[in-house]
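So the chains spell out like this:
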Amino acid sequence: DAKDFASTLVETCKKHKGYGLSANQCGFKYRVFVAGAGDDYVAFFNPEVINTSKKEVHMMEGCLSFPFLGLRITRPEEIAVTYQDFTGEWKQSTLTGISARCFQHELDHMNGIRFIDKVGPVAIQQARRKQEKMIKKIVRHKKK
């Protein structure tokens, strides 16, 4: 059931404090992801980007598949998309800002592209150092 599956993805995303989650991150081969925040999530079935703006934005991104790893990624600022909702109805929308970023990030997951694939080795190395420090800090805090 598409609605139940989407709800499960949303609950998993919320539990882990994410803005988006793709089915394949959870081991499912369905072409669906959810994206949103708070109580406002959307399920995107069979999503596609049909147009992108020429203007790109360089921003920090994180990923539930790589806890505490932040990388600066460049993506189009605005995108036109098409997708099906959980009833199977086709929708078309224009997304900007964080909505556009999340859509692109999750679509990349579905297409086998990880956000670490979008940066060079030096950027990953620096981000991994920060990640290790963050994890150590959390572990120390939990021991108290």
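This report concerns the structure included in the present document. On a predicted model such as this, the values are computed, not experimentally measured, just so you know.

Turning our eyes to something else, we now look at the pattern of salt bridges. In this structure the tally under the stated criterion is 8 salt bridges. For the salt bridge of Asp85 with Lys91, the shortest nitrogen-to-oxygen distance reads 3.8 Å. Judged by its relative accessible area of 15%, Asp85 falls in the buried class. Residues Asp117 and Arg114 are paired through a salt bridge, measuring 3.0 Å at the closest nitrogen-oxygen approach. Since its relative accessible area comes to 41%, Asp117 is described here as partly exposed. Under the relative-accessibility criterion, Arg114 is labelled partly exposed at 39%. Taken together, the shared-partner salt bridges in this structure form one network comprising Glu61, Arg75, Arg101, Asp108 and Lys118.

A few words now on the packing of aromatic side chains. Pairs of aromatic rings are described using the distance from one ring centre to the other and the angle between the two planes. A full pass over the atoms with the stated rule returns 8 aromatic pairs. Here the aromatic rings of Phe33 and Phe103 are separated by 5.1 Å at their centres, their planes lie at 80 degrees, and the arrangement is edge-to-face. With Phe33 in strand 2 (residues 32–37) and Phe103 in helix 2 (residues 97–110), the pair connects residues that are 70 residues apart, well separated along the chain. Phe103 matches Phe33 in its accessibility class, with the two residues each being buried.

Moving on to helix 1 (residues 2–15). Residues lying three or four places apart along an α-helix face the same way, a consequence of the helix completing one turn every 3.6 residues. Under the 1.5 Å per step criterion, the end-to-end length of helix 1 is 20 Å for 14 residues, consistent within 8% with the ideal 20 Å. For helix 1, the elements touching its buried residues are strand 1 (20–22), strand 2 and strand 3 (40–52). Regarding helix 1, its N-cap is Asp1, as a side-chain oxygen of that residue lies 3.1 Å from the backbone nitrogen of Lys3 further along. At the exit of helix 1 stands Lys17, carrying a positive phi of roughly 60 degrees.

To continue, consider the environment of Asp39. When you line up the elements, Asp39 lands in the loop between strand 2 and strand 3. With relative accessibility at 76%, the residue Asp39 sits in the exposed group. Spatially, the C-alpha atoms of Asp39 and Val10 are 9.3 Å apart, while their sequence positions differ by 29 residues. A polar contact is formed between the side chain of Asp39 and the side chain of Lys14, at a distance of 3.2 Å.

The terminal C-alpha atoms of helix 2, which comprises 14 residues, lie 20 Å apart, in line with the 20 Å expected from a rise of 1.5 Å per residue. Along helix 2, 11 of the 14 residues are buried, which leaves the element largely enclosed by surrounding structure. Here helix 2 has its buried residues at Ala100, Arg101, Cys102, Phe103, Gln104, His105, Glu106, Leu107, Asp108, His109 and Met110. Looking one or two residues past helix 2, Gly112 carries a phi angle of roughly 80 degrees, positive in sign.

Conventions we followed
Residues numbered from 1 in each chain as written. Predicted model: local features only at pLDDT ≥ 70, side-chain atom pairs only at ≥ 80, totals over all residues. Heavy atoms only, no water. Salt bridge = Lys/Arg side-chain N within 4 Å of Asp/Glu carboxyl O. Buried < 20%, exposed > 50% of the residue type's maximum accessible area, 1.4 Å probe, protein only. Phe/Tyr/Trp six-rings, centres within 6.5 Å; stacked < 30°, edge-to-face > 60°. Helix = DSSP H or I, 4+ residues; strand = E, 2+ residues; numbered from the N terminus. Expected span 1.5 Å × (residues − 1). Contact = heavy atoms within 4.5 Å. Polar contact = N/O pair within 3.5 Å; in protein donor to acceptor, adjacent residues only side chain to side chain.

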